[in-house]
Every structure is written in C-alpha cells, then in structure tokens.
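Reading the structure
Chain by chain, the residues run as shown.
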Amino acid sequence: MATILPFNNVVIGTLTVPVGEMVRGSGQITVTGEDQVVTTADGLMHYRRNAVEREAEFKCYGNYTALNSDAGNGVTCVMKLNTETVISFTGIVSAVYKQEDRITEVSIDGE
C-alpha cells in the first residue's frame with residue numbers, strides 16, 4: 001500500500017512555489033515501496049517500508065513552466081507543509097501550463 005503525504009509549498013532547484021501560489025489541497029506525494037515485517041527476539045513486530053519510488057503532483061496559479069527540469073536530468077525537490085520539510089528527493093519535473101485556467105499542473109517522478 002502506498003503512503004500519501006500532503007504538502008503546500010515546494011522548492012524545486014532554486015525556484016520556490018509559496019503557499020499562496022499553490023492551489024489549496026493539490027499538493028500530494030505518493031511513496032511506494034516494499035513493506036517488510038521483522039519480529040525481534042522479544043516478540044515485537046517492526047514494520048518497515050523501503051521506499052522505491054516517489055511521485056508528487058500539485059497545481060499552482062500562473063505560469064510555472066520554468067520548473068521543468070532539463071531532459072533526463074533530475075533536480076532537487078523539497079516539499080514542505082508550512083515550514084516543516086515533508087520530504088526531499090531528486091526528481092524529473094514536468095510542468096504544463098493550462099492557458100484557459102491560468103494554472104500550471106506539475107508532476108515529479110523521483111528516486
């Protein structure tokens with residue numbers, strides 16, 4: 001089962017999308033991986049997820065196509081919830097501007 005984490009502002013490379021520029025509730029990170037359960041000698045069960053893939057998506061007001069990463073090159077992405085960092089990873093960023101809505105849809109595929 002995937003873990004889904006919210007965020008409301010992001011730093012991609014040197015560019016920042018602040019809280020007020022993101023469409024409220026659109027920031028979502030999905031972390032998928034391999035789950036493991038380990039039982040120790042004292043009988044306690046420890047659950048662990050080895051993250052294999054991270055994906056993030058969000059929408060922001062205005063034209064943020066400058067967030068696009070160079071073809072095949074990853075960029076450092078830091079997702080935050082207010083001032084707390086939720087997750088940081090290197091990813092390929094794709095930003096598409098929807099002229100009719102004046103909104104940029106951003107997706108990030110990471111490692």
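Residues numbered from 1 in each chain as written. Predicted model: local features only at pLDDT ≥ 70, side-chain atom pairs only at ≥ 80, totals over all residues. Heavy atoms only, no water.

In terms of regular secondary structure, the chain is built from zero helices and eight strands. Secondary structure elements in the chain, listed N-terminal to C-terminal, are β-β-β-β-β-β-β-β. Along the three orthogonal principal directions, the C-alpha set of the chain runs to about 60 × 30 × 25 Å. Considering the chain as a whole, with its 111 residues, one finds that 30% of them fall into the buried category. Partitioning the intrachain contacts of the chain with sequence separation of at least 6 by distance along the chain shows that 55% fall at a separation of at least 24. Summed over its atoms, the accessible surface of the chain is roughly 7000 Å², and 49% of this surface lies on carbon and sulfur atoms. Across the chain, the 8 positively charged side chains and the 14 negatively charged ones have centroids separated by 6 Å. (Helix = DSSP H or I, 4+ residues; strand = E, 2+ residues; numbered from the N terminus. Buried < 20%, exposed > 50% of the residue type's maximum accessible area, 1.4 Å probe, protein only. Contact = heavy atoms within 4.5 Å. Areas by Shrake-Rupley, 256 points an atom, 1.4 Å probe, with all protein chains shown as cover. Lys, Arg positive; Asp, Glu negative; His and termini not counted. Charge placed at Lys NZ, Arg CZ, Asp CG, Glu CD.)

Once that is clear, we can look at the nonpolar core. Residues Phe-58, Leu-67, Met-79 and Ile-108 are the most contacted members of the largest nonpolar core, which totals 20 residues. The set of elements that each furnish at least two residues to this core consists of β2 (9–12), β4 (28–39), β5 (45–61), β6 (75–81), β7 (84–98) and β8 (103–110). Residue contributions to this core peak at four residues, all from β7. Excluding residues within four positions of it along the chain, Met-79 makes contact with Phe-7, Asn-9, Val-10, Ile-29, Ala-56, Glu-84, Thr-85, Val-86, Ile-87, Phe-89 and Ile-108. (Core = buried A, V, L, I, M, F, W, Y, C linked by side-chain atoms within 4.5 Å.)

As for its position among the elements, Thr-104 is in strand β8. There is a polar contact of 2.5 Å between the side chain of Thr-104 and the backbone oxygen of Gly-62. Setting aside anything within four residues of it in sequence, one finds Thr-104 in contact with Phe-58, Lys-59, Cys-60, Gly-62, Asn-63, Tyr-64, Thr-65, Ala-95, Val-96 and Tyr-97. (Polar contact = N/O pair within 3.5 Å; in protein donor to acceptor, adjacent residues only side chain to side chain.)

Another aspect to go through is the packing of aromatic side chains. Per the stated rule, a full pass over the model turns up one aromatic pair. Note on Phe-7 and Phe-58: the rings are 5.8 Å apart at their centroids and 80° apart in plane angle, and the pair reads as edge-to-face. Linking Phe-7 in the loop between β1 (3–6) and β2 with Phe-58 in strand β5, this pair joins segments that are 51 residues apart in sequence. For Phe-7, a relative accessible area of 4% corresponds to the buried category. (Phe/Tyr/Trp six-rings, centres within 6.5 Å; stacked < 30°, edge-to-face > 60°.)

Note on backbone geometry: most residues besides glycine have negative phi, and most peptide bonds are trans. Look at Asn-82: it is not a glycine, yet its phi comes out positive at around 60°. Relative to the elements of secondary structure, Asn-82 occurs in the loop between β6 and β7. Positive phi, close to 60°, is recorded for Arg-102, a residue that is not glycine. Inspection of the secondary structure assignment puts Arg-102 in the loop between β7 and β8. Overall, Arg-102 belongs to the exposed group, its relative accessible area being 59%.

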